[in-house]
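Given next are the chains, with one letter for each unit.
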Amino acid sequence: MSLTDTVGKCAAIATIGTFFAPVLICRDIIKNKSTKNVDPTPFIGGMAMSILMIKNGLLMNDPNIIPVNIFGFILNLIYFLVFYFYTADSKPLFSMLTKATLFTGVLWGYSTIEDEKLIEYRFGVILTVLMLTLIGSPLFSLNDIIKNKDASMLPLPMIASGAFVGFLWLIYGLLIDNIFIKVQNVVAVVLCLIQLGLIFKYPKPDSKKRD
């Protein structure tokens, strides 16, 4: 097995591991029997990105990408169902799901009609923007985090595992010389590191009291 294959498989396995990070969030939802202060965007976004990454894997003919994202879709669907079961108001949830489904369908449809010589590059650009938006979405609350000096809203398990996996995929991207995998994961790692820095700078209020 070549170094590229080894790194690709390690990255794939590590990615599967990160898919289990939301289990801790779902555990709290079930424990509290409430979705208060829990954002469903990572679950819905995770399903949408998994579907689009499957299409990207088909376009690239990359065996490391497809099975990982099939598994990721299934897990995010489970997390979504847990959120749905305990949410007090499902209308916003299904509104978000409908928009994500339509958007995903449009992009999948676009990928089937675009010129074969252009689609891999253009689809890669679209996925890069979407992925980085999803990863960086917690930073939309940056003002509140700094103002309140509380980064407890940032999911540490998901961010820490995301940084590690992003680093592995970055190495894989360098080995296969794929510009999109390289750009996606350089920025992803940077975004995750920024969020980790905020978590350690502004720990949970309870943590401060114990200190």
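Scoring rules and cut-offs
Once a new chain begins, its residue numbering starts again from 1 and follows that chain's sequence as written. Thresholds applied to this predicted model are a pLDDT of at least 70 for local features of residues and 80 or more for the giving and counting of side-chain atom pairs; totals over whole chains, interfaces and linings are not thresholded and use all residues. Side-chain metrics rest on all non-hydrogen atoms present in the structure, leaving aside hydrogens and water. UniProt positions are given in the numbering used here, feature names are shortened, and annotations may be inferred rather than shown by experiment. Here a strand is any run of E in DSSP of at least two residues, a helix any run of H or I of at least four, and the numbering for each starts at the N terminus. Only protein chains enter the area calculation, which uses a 1.4 Å probe; residues under 20% of their type maximum are buried, those over 50% are exposed, and those in between are partly exposed. In the analysis that follows, any N or O atom pair within 3.5 Å is treated as a polar contact, provided that within protein one partner can donate a hydrogen and the other can accept it, and provided that, for residues neighboring in sequence, both atoms belong to side chains. Working rule for contacts: check all heavy atoms of both residues, and any pair within 4.5 Å makes them a contact. The span one expects for a helix is its residue count, reduced by one, times 1.5 Å. Definition used in this section: a nonpolar core is a set of buried Ala, Val, Leu, Ile, Met, Phe, Trp, Tyr and Cys residues joined via side-chain atoms within 4.5 Å. Counting rule for disulfides: a pair of cysteine sulfur atoms within 2.5 Å.

An unreviewed UniProt entry lists the chain under the name Sugar transporter SWEET1, with Aphis gossypii given as the organism. According to the UniProt record, the Sequence similarities (unreviewed entry) comment for the chain is "Belongs to the SWEET sugar transporter family."

K.L.:
Help me out: how do you make sense of the side chain of Thr87 in this one?
P.N.:
Topologically, Thr87 is positioned in the loop between helix 4 (66–86) and helix 5 (91–113). Given the relative accessible area of 18%, Thr87 is considered buried. Engagement of the side chain of Thr87 in a polar contact is seen with the backbone oxygen of Asp89, the distance being 3.4 Å. Residues contacting Thr87, with those up to four places away along its chain left out, are Thr35 and Leu93.

K.L.:
Please explain helix 8 (residues 156–176) as it appears in this structure.
P.N.:
Owing to its 3.6 residues per turn, the α-helix aligns residues three or four sequence positions apart on the same side. Over its 21 residues, helix 8 runs 30 Å from end to end, which matches the ideal 30 Å to within 8%, given 1.5 Å per residue. Here helix 8 has its buried residues at Ile159, Ser161, Ala163, Val165, Gly166, Leu168, Trp169, Leu170, Tyr172 and Gly173. Residues of helix 8 that are buried sit in contact with helix 1 (3–18) and helix 9 (179–201). Where helix 8 terminates, the next one or two residues include Asp177, which has phi positive at roughly 55 degrees.

K.L.:
Teacher, can you tell me more about the nonpolar core here?
P.N.:
Buried together is how nonpolar side chains tend to be arranged in soluble globular proteins. Counting 18 residues, the largest nonpolar core has Met49, Leu52, Met53, Phe123, Leu127, Trp169 and Tyr172 as its most contacted members. Taken together, the elements giving at least two residues each to this core come down to helix 1, helix 3 (41–60), helix 6 (116–136) and helix 8. Beyond its immediate stretch of four places on either side in the chain, Met53 contacts Ile65, Asn69, Leu127 and Met131. Counting residues in hydrophobic clusters, the runner-up holds 16 residues, among them Phe19, Val82, Phe83 and Leu97.

K.L.:
Would you take a moment to explain the side chain of Thr35 for this structure?
P.N.:
Considering the arrangement of structural elements, one finds Thr35 in the loop between helix 2 (23–32) and helix 3. Taking the relative accessible area as the measure of exposure, Thr35 reaches 10% and is therefore buried. With near-sequence residues (within four places) excluded, Thr35 lies in contact with Ile29, Phe83, Tyr86, Thr87 and Ala88.

K.L.:
Just checking my understanding: could you explain the state of the cysteines for this structure?
P.N.:
Per the stated rule, a full pass over the model turns up zero disulfides. A disulfide-free cysteine, Cys26 has its sulfur positioned 19 Å from the sulfur of Cys192, the nearest such atom.

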